[in-house]
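Structural features, examined
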Amino acid sequence: MRYLAVAVVLLSPAAAMAQATAQSDAEVESCLTDGEILKGRERLVGVTKPVKIDIDCDGGERSAVFKFVDEHRRGSTRLAGGKVEFNFSDSYLYERAAYLLDREIGLDMVPVAVLRSYKGDSGVLVDWIPDTVHENAVSSPLSGPQTASLYRQKTRMHLFDSLIFNTDRRAENILIDESTARLYLIDHSRAFRETKELRDEFAGGRVWLSRETYDKLAGLDEAHLAELLDGLISKNQLKALLERRDLIVAKIDRDVGEHGEESVFRGD
């Protein structure tokens, strides 16, 4: 992930304790939306110049990352490394869209993200997840059950990246809680492409998910999503997303036919 490349930055003990306390999405959203921004903790490494900040939420301190990049280019754009992308976009709005869609289908893998202004710039505040490291910075071996759980979580990550067509999933954009092997997905500003196909990582592999997530995915409604994601993605992006959803559901149905429901529908 571009803005969390410095993973060694730690919260103060008081802040870590406050942030670690379990809170509902609504409570976190309220804090990020209405809490007093105390200061810019530091400018993080990354081309989008994100800032890690502290927020006072009724006496409790919380940390978040502020992103404000909002770049859109029509036609062909040659990216670093030589890749060419058509109608390139890199937008903080997609962070909010990814969070809302994640909750809509019940994955609960994307940190809370709210729209907010900071020092005159419109952007998004993304909740900071403490006690996690980038996937490529795991310091101790995971147990067998943890490794198996992480593998199944990654199949749902690939599903989500296909649904939103995220073009920037790297080890730096995957956070892992080493004590629980829980996986968190961050940095979705280069997602929601108008591509009407699935990413290879999902199309060519297995998936394990809960029946509830499958039902919510299959039941995504265009009118509801248009309202939910209004102002965050375009109509063309939404239509492409729904076409990819249909391909994802068809792929899961094939997996069920080949491996059986008990093999595919497991939420661990």
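What you see is a predicted model, and the numbers here were worked out from it, not measured in a lab.

Turning to the overall build of the protein chain, a few remarks are in order. Looking only at helices and strands, the protein chain has nine helices and twelve strands in total. Looking at the 268 residues of the protein chain, the share that counts as buried comes to 49%. For the protein chain, the accessible area works out to roughly 12,500 Å², and carbon and sulfur atoms hold 49% of it.

A separate point is the pattern of salt bridges. What the rule picks out here adds up to 22 salt bridges. With a closest N to O distance of 3.5 Å, Arg211 and Glu261 form a salt bridge. Of this pair, Arg211 sits in helix H6 (residues 211-218) while Glu261 sits in helix H9 (residues 261-264), and the two are 50 residues apart along the sequence. Owing to a relative accessible area of 38%, Arg211 belongs among the partly exposed residues under this scheme. On the basis of relative accessible area, Glu261 is assigned to the partly exposed category, the value being 46%. What emerges from the salt-bridge pattern is a single network uniting Asp25, Asp102, Arg103, Asp108 and Arg182.

What follows is about the nonpolar core. In terms of nonpolar packing, the biggest core is built from 60 residues, with Leu101, Phe160, Phe192, Leu217 and Ile252 touching the most fellow members. If sequence neighbours within four positions are ignored, Phe160 has contacts with Ala98, Leu101, Asp102, Ile105, Leu107, Val110, Leu185 and His188.

So, about the side chain of Asp187. As for its position among the elements, Asp187 is in the loop between strand E12 (182-185) and helix H5 (200-203). A distance of 3.0 Å separates the side chain of Asp187 from the side chain of Lys67, its partner in a polar contact. Within polar-contact distance, the side chain of Asp187 engages the side chain of Ser189 at 3.4 Å.

Moving on to the confidence of the model for the protein chain. Overall, the prediction assigns the protein chain a mean pLDDT of 88, with 87% of residues at 70 or greater. For the stretch residues 1-20, pLDDT sits under 50, and the model shows 59 contacts to residues farther than four places along the chain or on other chains.

Spanning 25 residues, helix H8 (residues 235-259) covers 36 Å between terminal C-alpha atoms, matching the ideal 36 Å at 1.5 Å per step. Following H8 by one or two positions, Gly260 has its phi on the positive side, about 95 degrees.

Taken together, the three strands give an open sheet; going across it, the order is E10-E11-E12, and neighbouring strands pair in antiparallel fashion. Two strands in the sheet have a free side with no partner beyond their single neighbour: strand E10 (133-134) and E12. The pairing of E10 with strand E11 (residues 174-177) spans two bridges and is antiparallel. If you follow His134 over to E11, its bridge partner there is Leu175.

This model, assessed by the stated rule, comprises five aromatic pairs. Judged by centre distance (6.0 Å) and plane angle (25 degrees), the rings of Phe66 and Phe68 are stacked. Given the relative accessible area of 28%, Phe68 is considered partly exposed. Taken together, the ring pairs connect Phe66, Phe68 and Tyr118 into an aromatic cluster. Over the aromatic face of Phe202 sits the side chain of Lys251, whose NZ or CZ is 5.6 Å from the ring centroid.

The pairing of E11 with E12 spans four bridges and is classified as antiparallel. In the strand pairing of E12, Asp177 is matched with Arg182. Hairpin connection of E11 to E12: four residues between the antiparallel strands, including Ala181 at a positive phi of 65 degrees.

So, how was this worked out
- Residues numbered from 1 in each chain as written.
- Predicted model: local features only at pLDDT ≥ 70, side-chain atom pairs only at ≥ 80, totals over all residues.
- Heavy atoms only, no water.
- Helix = DSSP H or I, 4+ residues; strand = E, 2+ residues; numbered from the N terminus.
- Buried < 20%, exposed > 50% of the residue type's maximum accessible area, 1.4 Å probe, protein only.
- Areas by Shrake-Rupley, 256 points an atom, 1.4 Å probe, with all protein chains shown as cover.
- Salt bridge = Lys/Arg side-chain N within 4 Å of Asp/Glu carboxyl O.
- Core = buried A, V, L, I, M, F, W, Y, C linked by side-chain atoms within 4.5 Å.
- Contact = heavy atoms within 4.5 Å.
- Polar contact = N/O pair within 3.5 Å; in protein donor to acceptor, adjacent residues only side chain to side chain.
- pLDDT = per-residue confidence, 0-100.
- Expected span 1.5 Å × (residues − 1).
- Pairing = 2+ DSSP bridges.
- Phe/Tyr/Trp six-rings, centres within 6.5 Å; stacked < 30°, edge-to-face > 60°.
- Lys NZ or Arg CZ within 6 Å of the ring centre and 35° of its normal.

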